[in-house]
Amino acid sequence: MLPQWLIEKKRDGQALTPDEIRGFIAGFTTGTIPDYQMAALAMAIFFRGMTADETAALTEAMMRSGDVVDTSALTAPKIDKHSTGGIGDKVSLVLAPLVACCGIAVPMISGRGLGITGGTLDKLEAIPGYRTDLGTREFLDVVARCGCSIIGQTDRLAPADKKLYALRDVTGTVPSIPLITASIMSKKLAAGLDGLVLDVKCGRGAFMKERTAATALAQSLVRVGRTMGKKISAVLTAMDQPLGRTAGNALEIVETCEALQGRGPADLMEVTLKLGSKMLQLAGLAHSCQSAHALLAEQLHSGAAWRKWLEMVRLQGGDGAALEDTTRLPRARLIEPLPAPQSGCVAQADAELIGRACLMLGAGRTKTTDTVDHAVGVSHLVKIGEQIERGQPLALLHANDADQLTEARALMQTAFRITQENVDAPALILEELM
Ligand code: URA
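For clarity, every value in this text was computed on a predicted model and none was experimentally measured.

J.: Explanation requested: the pattern of salt bridges in the structure shown.
T.: Oppositely charged side chains can pair when the atoms bearing their charge come close. Throughout the structure, instances matching the rule amount to 33 salt bridges. The salt bridge partner of Asp80 is Lys188, with a shortest N-O separation of 2.6 Å. Placement of the pair is Asp80 in strand S1 (residues 79-83) and Lys188 in helix H9 (residues 177-189), with a sequence separation of 108 residues. Here Asp80 matches Lys188 in class, with each residue buried. A salt bridge links Glu352 to Arg204; the shortest N-O distance between them is 3.2 Å. Of this pair, Glu352 sits in helix H16 (residues 351-361) while Arg204 sits in the loop between strand S4 (195-202) and helix H10 (211-227), placing them 148 residues apart in sequence. Judged by its relative accessible area of 15%, Glu352 falls in the buried class. Put simply, Lys90, Lys123, Glu252 and Glu255 are held in one network by salt bridges that share partners.

Structure, rendered in structure tokens:
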């Protein structure tokens, strides 16, 4: 079949066969099918969608476009978690060492931040010396020694996704559920997992702003994972306000350290414990949410999770002393409070606007080639439902440039709404897909 015939077939709303999808992705990966034909197929998929079988075939073809890590030497159940991304989302950093203490192997391949959502790798790189670029052998060695490792996607893992994502980014074809599903699952499953827990974020600071779209994405991810023989569960969580009280790379490392010593903010811990208990249940290490919670709480309070975090960071070249004394982490030159304009109850702390303010301060990137400033961001964020007095800080802004600080301050002033009525803290866990 010529590539143009497959494009026409999808354009006309017909389903492609697994062989046709495999051939197309193989040709695109090696370069015999040019970018313009792949872009045309992506647009046809955007408009026509894909069946569950087509999405699974696309995921498998993209996963097999490079290496699939052979994790058979690891005897522990290999379970990972993936989040669709949000503001202040440092859950992976707390979760990987926490569940590793309970006997799960976590070979975690994470991404960098793009746009307003932060990336786990950027946060880890705020720790002096931490290496996110381990080769496969070293990656597996760290997992074998301490139970978890967090690295970046190498050129050999799902290269078709890397190429296709860049193309989708410039052809208006990112927000397509089959394409997002194949992109996420091909990368994650290339790490040789037995199971995966998905945190699909929904709300102002998320990729999926509407509940129906977030549910549809979660269902698609679960369906494809199961078709590929993996144990999968998914949780829909709210992302209308940032998770925790910090957003920005080094600031989130500080909050991670506090969480791993049992002093994490309530919302961060609620999501972490929910996802962790799902991981333990997928691994067969706990039979109920309550027993999983108890096991995880014990690791936090005994200091085991904290020691595991230090061990993983040190095995990856990071400076453990900077975690024990976080004043050694990158620190911004200018730290300024954002005073509340009136007394009352916090009714809104808009994650999207706070994310944009962090981007203005230099905490994230607007294009993949930008460098991030690890020191900047926001801390001491107030949460929806909290009472505040006029003049008390809604947040602290951390900046290295006075002009960026001025711009970020103006944006942050629009992110909060304070009312005279009491407002309840909103629900965080919106839905669980078993
Ligand atoms: N994250 C990914 O990895 N891929 C997508 O397509 C969207 C979000």
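J.: I'm lost on unusual backbone geometry in this one. Help?
T.: With glycine set apart, most residues show a phi of negative sign, and most peptide bonds adopt trans. Despite not being glycine, Ala158 has its phi angle at roughly 45°, a positive value. In this structure, Ala158 sits in the loop between strand S3 (148-152) and helix H8 (159-169). Not every positive phi belongs to a glycine, and His380 is a case in point at roughly 50°. Within the secondary structure layout, His380 lies in the loop between strand S8 (377-379) and strand S9 (387-388).

J.: Where do I start with empty space enclosed by the protein in this structure?
T.: Where empty space is left in the structure can be found by rolling a water-sized probe over the atoms. This model, assessed by the stated rule, comprises two cavities of 30 Å³ or more. Estimated volume of the largest cavity: approximately 130 Å³. Contributing to the lining of the largest cavity are 18 residues, with Ile116, Thr117, Gly118, Cys358 and Ala363 lying nearest its centre. Secondary-structure elements contributing two or more residues to the lining of the largest cavity are helix H11 (249-260) and H16. Looking at the lining of the largest cavity residue by residue, the classes come out as seven nonpolar, nine polar and two charged. Taken domain by domain, the lining of the largest cavity gets at least three of its residues from each of domain 2 (79-152 + 169-324) and domain 3 (331-419). Of the pockets and cavities examined, the second largest cavity occupies roughly 30 Å³. Lining of the second largest cavity is provided by Leu16, Ile21, Phe24, Ile25, Met38, Leu41, Ile45, Met50 and Leu58.

J.: Looking at this model, I keep getting lost on the sheet that holds strand S11 (residues 416-419). Mind explaining?
T.: Strand order in this open sheet of three strands is S9-S7-S11, and the pairing throughout is antiparallel. Both outer strands of the open sheet, S9 and S11, are each paired with one neighbouring strand and no more. As judged from the four bridges shared by strand S7 (residues 344-349) and S11, these two strands associate in the antiparallel manner. The partner of Ala349 across the bridge, within S11, is Phe416. Against the sheet, helix H17 (residues 402-415) touches S7 and S11, its axis set at about 40° to S11.

J.: Hey, could you run me through the state of the cysteines in this one?
T.: Here a disulfide denotes a covalent bond joining the sulfur atom of one cysteine to the sulfur atom of another. Using the criterion set out here, one finds zero disulfides in the structure. Cys257 carries a free sulfur, and the closest cysteine sulfur to it, the one in Cys148, is 14 Å from it. Free cysteine Cys358: the closest other cysteine sulfur is in Cys257, separated by 19 Å.

J.: Where do I start with the site of the ligand in this structure?
T.: Neighbouring residues of the ligand: Tyr165, Arg168, Ile180, Ser183, Ile184, Lys187 and Phe207. Between a nitrogen atom of the ligand and a side-chain N or O atom of Ser183, the distance comes to 2.6 Å. In the model, an oxygen atom of the ligand is placed 2.6 Å from a nitrogen or oxygen of the Lys187 side chain. For the ligand, whose accessible area on its own is 240 Å², the fraction buried by protein is 84%. Breaking the shell around the ligand down by element, the ones donating at least two residues are H8 and H9. Residue classes in the shell around the ligand are distributed as four nonpolar, one polar and two charged.

J.: Please explain the sheet that holds S4 as it appears in this structure.
T.: Strand pairing within a sheet occurs via backbone hydrogen bonds; the two strands may be parallel or antiparallel. With mixed pairing, the four strands of this open sheet are ordered in space as S1-S4-S5-S12. Every interior strand has two partners, whereas the edge strands, S1 and strand S12 (429-433), have only one. On average, each strand axis in the sheet is inclined to that of its neighbour by 15°, with strand direction left out of account. As defined by bridge partners, strand S5 (residues 231-238) adjoins S12 across four bridges and the pair is classed as antiparallel. Each bridged residue has a counterpart across the sheet, and for Ala234 the counterpart in S12 is Leu433.

J.: Hey, could you run me through the packing of aromatic side chains in this one?
T.: On inspection of all chains with the given rule, the structure shows one aromatic pair. For the ring pair Phe46 and Phe47, a centre distance of 5.1 Å and an interplane angle of 85° mean the geometry is edge-to-face. Phe46 sits in the partly exposed class, given a relative accessible area of 30%. For Phe47, a relative accessible area of 63% translates into the label exposed. Taking the ring centre of Phe28 as reference, the NZ or CZ of Lys163 above it sits at 4.5 Å.

J.: How should the packing of helix H2 (residues 18-30) against helix H3 (residues 35-48) be read in this particular structure?
T.: In a packed pair of helices, the relevant descriptors are the angle between the two axes and the axis-to-axis distance. Here H2 crosses H3 at 140°, and the two axes come no closer than 10 Å. What the angle tells us is that H2 and H3 run oblique. Considering only the axes of H2 and H3, their crossing is left-handed. Packed against H2, whose contacting residues are Phe24, Ile25 and Phe28, the element H3 presents Asp35, Gln37, Met38 and Leu41 at the interface. Looking at the contact of H2 with H3, its residues break down into five nonpolar, one polar and one charged.

Rules of the game
All residue numbers refer to position in the chain's written sequence, counted from 1. Local features in this predicted model are restricted to residues of pLDDT 70 or higher, and side-chain atom pairs are both shown and tallied only at a pLDDT of 80 or more, whereas totals for entire chains, interfaces and linings draw on every residue. Heavy atoms throughout the structure, all of them, feed into the side-chain values; hydrogens and water do not. Salt bridges are identified by distance alone: a Lys or Arg side-chain nitrogen within 4 Å of an Asp or Glu carboxyl oxygen. Numbering goes from the N terminus for both helices and strands, where a helix is a DSSP run of H or I of at least four residues and a strand is a run of E of at least two. Burial classification: accessible surface area is computed with a 1.4 Å probe over protein chains only, and a residue below 20% of its type maximum counts as buried, one above 50% as exposed, and the rest as partly exposed. The pocket and cavity definitions rest on a 1 Å grid over protein atoms only: a 1.4 Å probe that fits but cannot leave marks a cavity, an open set with protein on both sides within 12 Å along at least five of seven lines marks a pocket, and residues lining either have an atom within 4 Å of a point. Grid points are joined across faces, edges and corners, and a volume is the space filled by probe spheres set on the points. Here the nonpolar group is Ala, Val, Leu, Ile, Met, Phe, Trp, Tyr, Cys and Pro; Asp, Glu, Lys and Arg are the charged ones; every other residue, Gly included, is treated as polar. The source of the domain bounds is an automatic or database domain assignment. A pair of strands counts as paired when DSSP detects no fewer than two bridges linking them. Pairs of residues are marked as contacts when any of their non-hydrogen atoms sit within 4.5 Å. Inter-axis angles, ranging from 0 to 180 degrees, are taken between N-to-C directions of lines fitted to C-alpha atoms, where helices are fitted over the stretch in contact. Disulfides are defined as pairs of cysteine sulfur atoms found within 2.5 Å of each other. A cutoff of 4 Å decides nearness: a residue is near a molecule or strand if any of its heavy atoms lies inside that distance of it. Polar contacts here mean pairs of N or O atoms no more than 3.5 Å apart (in protein, one a potential hydrogen donor and the other a potential acceptor; neighbouring residues in sequence count only if both atoms are side-chain atoms). Each accessible area value is a Shrake-Rupley result obtained with a 1.4 Å probe; residue values ignore everything except the protein chains displayed when judging cover. A pair of aromatic rings is counted whenever rings of Phe, Tyr or Trp (Trp by its six-membered ring) have centres within 6.5 Å, and the orientation is called stacked for planes under 30 degrees apart, edge-to-face for over 60 and tilted otherwise. Any Lys NZ or Arg CZ that is within 6 Å of a ring centre and within 35 degrees of that ring's normal is treated as a charge sitting over the ring. Any angle from 65 to 115 degrees is called roughly perpendicular, while one under 35 is roughly parallel, one over 145 is roughly antiparallel, and all others are oblique. In a left-handed crossing the near helix is turned counterclockwise from the far helix by less than a right angle, and in a right-handed crossing that turn is clockwise.

Read these as geometric descriptors, not functional statements.
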